[in-house]
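# Commentary on secondary and tertiary structure
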Amino acid sequence: MSPVPQEDVNGFGYVPPVGPITSGPKQRKKSGVAAKKDESHGCPMRFVRPDLSSRCTWIANHTKPDLIAGTQGPHSIDLRKEKAGIMPTVLHAIGNTPMVRINNISKSAGLKCELLAKCEFFNAGGSVKDRIALRMVEDAEKSGQLKPGDAIIEPTSGNTGIGLALAAAVKGYRCIIVLPEKMSSEKVATLRALGAEIVRTPTSASWDSPESHISVAQRLLAEIPNSIILDQYRNPGNPLAHYDTTAEEILEQCGGKVDMVVMGAGTGGTVSGIGRKIKEKCPNCIVVGVDPLGSILAEPENLNRSDVTYYDVEGTGYDFIPTVLDRSVVDKWIKSGDKESFIMARRLIREEGLLCGGSSGGTMASAVKAAELLGPGQKCVALLADGVRNYMTKFLDDQWLADRDIIKLEDEATTWWADEKVSSLELSAPLNILPKVTVEQAIDIMVKEGFDQLPVVTGKGQILGVATLGSLKTKLLKGKVSATDPVETATYNTFKKLSLDTTLGKLNRILDTDHFALVVHRQRLYSSEHEVEEREVIVGIVTDIDLLQYITRAECGKLGSDSDSSEHELEEREVTVGIVTDIDL
Ligand SMILES: Cc1ncc(COP(=O)(O)O)c(C=O)c1O
């Protein structure tokens, strides 16, 4: 690899070449070098953007591989592993994944072509990203940038992290994975089991904010001696892993001719690497990229316009265009939504026995649409990027799908009230408190007003959290707050929010796990003629009692009120002289 050139672009001052980000030669062996902040951005000094233009001189259709030297232009070349009887390590179980015919889904869609799935969840770590993780590690080893005892740091949505942690476990590197909160706890558990250290960042942080997984990883790089970020967003090994192996496998498995390949895009390494090789060998093949609604990777630009700001599918989509994404090889982009993705993923499991993840569902749903173009004798390959292991508590759980209105649970379909709206309930106006109210005062207000939870709201109406009996008890009894502390230090922040349009069926499911939910309404507030901000206003707090009262009152109304026949009868009873609860304590 060439030495690091310095140049000033994009206002960030310093641009290393495409590929791994190192903390620089001076920092090798030094420890505890504090990360300096770039005052203007809040991001680490020498922040390396994940969307800088590539300096890679490799050219598709032009740069020729040298199999003896093991190179192609400036890069290494990966030869496909031979199927050994006994593998020297599990890293040999990366690549050579099966291609499986999709029978039932294809038939019910009435497709004329052959629909095939490239099952990347068979890779050792469970996803397509194992390929690039191993490739980037081995390229860095070959170039001398990664040495025994070094630490690998990577910002990732999880699967690259698992691939890197797997390689690090086998090869003996320290591994630190920085991933957004959204990513499943199953991924976190797998990473921990592989010995990786994990740093979580807020899902809502944009890529160039100081809290983003990209910024945080670069800050750690400056602090941790002998560390490297392999930088999947810019590392040429990312697309090349697919150019050298995944695409070659697809071509071989399809007998050298494929008519359409459909792939999801995250960093874009898969789409670009496979797309480039396929275009070289099968120029008429249609390359389809799949991008979730809410992401901006698709072209033309107007495809990306949508109201969706959050999506639950993991592993695809971004809010910037990563350097390794070469959109010139994509003939058609399809946007996919959460609902069709999860429903198709469940169908792939149920009807084809393919234990894939949610984004695979989005890819297959898009493949089914795009493959309508193809005729008999033609082949469409959809790439299933990861497996269901990552999502056991997510889309594999009916309750999780029902909470997102993706399916309806059977027992709900038989109740008269499940489709009614929260707006039908008689909710009393909530009692809010200001953050500076003390813990003691908050408890007194709860006793006086008979509430178990009080939203903590700033003077400007921003919801900071909810002071609940549970949150106050936990912090007070453990000595984490004192009675005179402001209540905002003891609030509960993982409460659920609903709208007045939420169905009572969904509310019932939420109340199975939560004691209460906040009913909020979005309000627009003009601060001047052109400045408008959106705010959430709490319109109520809903608990089991509100739901039960609504159902029982309505049912009594329906049945006629004859249930109070005991009104004039006298009987002897045990008398309760007191009920003791947390609040008394
Ligand atoms: C779970 C998952 N990981 C990774 C990828 C591919 O990502 P990239 O574009 O970074 O190669 C996909 C694409 O569908 C995916 O669904």
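Cut-off values and rules
Note on numbering: residues in each chain are counted from 1, in written sequence order. The predicted origin of the model limits local features to residues at a pLDDT of at least 70 and limits the giving and counting of side-chain atom pairs to 80 or more, whereas totals for whole chains, interfaces and linings rest on all residues. In computing side-chain values, all of the structure's heavy atoms are included and hydrogens and water are not. Paired strands are those between which DSSP finds at least two bridges. The numbering of helices and of strands both runs from the N terminus, where a helix is a DSSP run of H or I of at least 4 residues and a strand a run of E of at least 2. Orientation is described by axes fitted as lines to C-alpha atoms, over the contacting stretch for helices, and by angles from 0 to 180 degrees between their N-to-C directions. Distances are taken per atom, and a residue is near a molecule or strand as soon as one of its heavy atoms is within 4 Å of it. Any pair of nitrogen or oxygen atoms within 3.5 Å is treated as a polar contact; in protein, a donor-acceptor pairing is required on top of that, and neighbouring residues in sequence qualify only through side-chain atoms on both sides. Computed with a 1.4 Å probe, the accessible areas rest on the Shrake-Rupley method; for each residue, only the protein chains presented here act as cover. Each domain span listed reflects an automatic or database assignment of domains. Only protein chains enter the accessibility calculation, which uses a 1.4 Å probe; a residue whose area is less than 20% of its type maximum is buried, one above 50% is exposed, and one in between is partly exposed. Contact definition: two residues touch when any of their heavy atoms are within 4.5 Å. Roughly parallel means an angle under 35 degrees; roughly antiparallel means over 145; roughly perpendicular covers 65 to 115; every other angle is labelled oblique. Take the far helix as the reference: if the near one is turned anticlockwise from it by less than a right angle, the crossing is left-handed, and if turned clockwise, right-handed. The term salt bridge refers to a side-chain nitrogen of Lys or Arg lying within 4 Å of a carboxyl oxygen of Asp or Glu. Each aromatic pair joins two rings of Phe, Tyr and Trp (for Trp, the six-membered one) with centres within 6.5 Å, and gets the label stacked for planes under 30 degrees apart, edge-to-face for over 60, and tilted for any other angle. Take the buried Ala, Val, Leu, Ile, Met, Phe, Trp, Tyr and Cys residues and link them wherever side-chain atoms come within 4.5 Å; each set so joined is a nonpolar core. The quantity called pLDDT is the predictor's confidence in a given residue, expressed from 0 to 100. For the purposes of this analysis, a disulfide is any pair of cysteine sulfur atoms at a distance within 2.5 Å.

### Concerning the sheet that holds strand E18 (residues 516-526)
Taken together, three strands build an open sheet; the order of strands is E17-E18-E19 and the sheet is mixed. Among the strands making up the open sheet, the edge pair consists of strand E17 (496-498) and strand E19 (532-543). Put simply, the sheet's adjacent strands are angled 40° from each other on average, direction ignored. As judged from the three bridges shared by E17 and E18, these two strands associate in the parallel manner. Bridging across to E18, Lys496 finds its partner in Ala517.

### Things to note about the site of the ligand
Close to the ligand lie 16 residues; Lys129, Gly266, Thr267, Thr270 and Ser359 are nearest. Separating an oxygen atom of the ligand from a backbone N or O atom of Gly266 is a distance of 2.6 Å. Take Ser359: an N or O atom from its side chain is 2.2 Å from an oxygen atom of the ligand. For the ligand, the accessible surface in isolation is 400 Å², of which the surrounding protein chains cover 99%. When we break the shell around the ligand down by domain, the ones giving at least three residues each are domain 1 (25-52 + 126-229) and domain 2 (91-125 + 243-398).

### Considerations on the environment of Trp207
Mapping Trp207 onto the fold places it in the loop between strand E9 (197-201) and helix H5 (213-223). The exposure class assigned to Trp207 is buried, which follows from its relative accessible area of 10%. Between the alpha carbons of Trp207 and Phe320 there is a distance of 7.4 Å; along the sequence they are 113 residues apart. Not counting chain neighbours up to four residues away, the residues in contact with Trp207 comprise Phe47, Arg49, Pro50, Asp51, Ser212, Ile214, Ser215, Asp319 and Phe320.

### Quick look at the packing of helix H2 (residues 129-142) against helix H6 (residues 237-253)
The interhelical angle for the contact between H2 and H6, taken along N-to-C directions, is 125°, at an axis separation of 8 Å. As the angle between them shows, H2 and H6 are arranged oblique. In this structure, H2 meets H6 at a crossing whose hand is right-handed. Along its contact with H2, which presents Arg131, Ile132, Arg135 and Asp139, the element H6 presents Gly237, Asn238, Leu240, Ala241, His242, Asp244, Thr245, Thr246 and Glu249.

### Digging into the environment of Ala133
Structurally, Ala133 is set in helix H2. On the basis of relative accessibility, which here comes to 0%, the residue Ala133 falls in the buried class. Separated by 34 residues in sequence, Ala133 and Ala167 place their C-alpha atoms 7.4 Å apart.

### Quick word on the pattern of salt bridges
Side chains carrying opposite charge are able to pair once their charged atoms draw close together. Evaluation of the coordinates by the stated rule reveals 31 salt bridges. One salt bridge connects Glu248 with Lys277, and the closest N-O pair in it is separated by 2.6 Å. Taken together, the residues span a long stretch of sequence, with Glu248 in helix H6 and Lys277 in helix H7 (residues 269-281) at a distance of 29 residues. The partner of Lys497 in a salt bridge is Glu536, and the shortest N-O contact between them spans 2.7 Å. Taken together, the positions of Lys497 in strand E17 and Glu536 in strand E19 put the pair 39 residues apart, joining distant regions of the chain. On the basis of relative accessible area, Lys497 is assigned to the partly exposed category, the value being 40%. Look at Glu536 and you get partly exposed, because its relative accessible area is 23%.

### Points about the sheet that holds strand E4 (residues 75-76)
Judged by pairing direction, the sheet is antiparallel, and its three strands sit side by side in the order E2-E3-E4 without closing on themselves. Where the open sheet ends on each side, the last strands, each with one partner, are strand E2 (65-66) and E4. Note that E2 and strand E3 (residues 71-72) share two bridges and pair antiparallel. By the bridge assignment for E3, Asp66 is matched with Thr71.

### Details of helix H4 (residues 185-193)
The set of residues buried in H4 consists of Glu186, Lys187, Val188, Thr190 and Leu191. Check the buried side of H4 and you find it contacts helix H3 (159-171), strand E8 (174-180) and E9.

### Let's talk about the packing of aromatic side chains
Applying the stated criterion to the full structure yields nine aromatic pairs. Arranged with centres 5.0 Å apart and planes meeting at 45°, the rings of Tyr318 and Phe320 form a pair that is tilted. Assigned by exposure class, Tyr318 and Phe320 land together as buried. Between the aromatic rings of Trp416 and Tyr550, the centroid separation amounts to 6.1 Å while the plane-to-plane angle is 40°, which identifies the pairing as tilted. In this pair, Trp416 is assigned in the loop between helix H11 (410-413) and helix H12 (439-449) and Tyr550 in helix H15 (residues 544-559), connecting sequence segments 134 residues apart.

### Side note on the side chain of Thr97
Note that Thr97 resides in the loop between E4 and strand E5 (99-101). Separated by 2.9 Å, the side chains of Thr97 and Lys118 make a polar contact. When neighbours within four sequence positions are excluded, Thr97 is seen to be in contact with Lys118, Cys119, Glu120, Phe122, Asn123, Arg131, Glu249 and Gln253.

### Structural notes on the nonpolar core
The biggest cluster of nonpolar side chains holds 37 residues, and the ones touching the most others in it are Leu348, Met364, Cys380, Leu384 and Phe395. Mapped onto this core, the elements with two or more residues apiece are strand E6 (114-119), strand E11 (260-264), strand E12 (286-292), helix H8 (338-352), helix H9 (358-370), strand E14 (379-384) and helix H10 (398-403). Discounting chain neighbours no more than four positions away, the residues touching Cys380 are Cys113, Glu114, Leu115, Leu116, Met260, Val262, Ala367, Ala371 and Leu374. Phe47, Tyr233, Ile250 and Val258 belong to the second largest nonpolar core, which has 32 residues in total.

### Some words on the packing of H2 against H3
In the contact formed by H2 and H3, the axes pass within 8 Å of each other and the chain directions differ by 50°. By the angle between their directions, the pair H2 and H3 is classed as oblique. Handedness of the crossing formed by H2 with H3: right-handed. On H3, the residues that touch Lys129, Asp130, Ile132, Ala133, Leu134, Met136, Val137, Glu138 and Glu141 of H2 are Asn159, Thr160, Gly163, Leu164, Ala167 and Lys171.

### Concerning the confidence of the model for the chain
Per-chain confidence: the chain averages 86 in pLDDT, with 89% of residues scoring 70 or above. Taken together, the stretch residues 1-12 has pLDDT below 50 and engages in 24 contacts with residues farther than four places along the chain or on a different chain. Across residues 559-563, where pLDDT falls below 50, the model places one contact with residues more than four positions away in sequence or in other chains.

### Looking at the state of the cysteines
Here a disulfide denotes a covalent bond joining the sulfur atom of one cysteine to the sulfur atom of another. All told, the structure shown has zero disulfides when counted by the stated rule. Cys119 takes part in no disulfide bond, and the closest cysteine sulfur, belonging to Cys356, lies 8.2 Å away. In this structure Cys119 comes out as buried when scored by relative accessible area, which is 0%.

### Here we look at unusual backbone geometry
Residue Pro300 is bonded to the preceding Glu299 through a cis peptide linkage, with omega at -5°. Mapped onto the secondary structure, Pro300 falls in the loop between E12 and strand E13 (332-336). Of note in this structure, Asp405 is not a glycine but carries a positive phi near 60°. Along the chain, the position of Asp405 falls in the loop between H10 and H11.

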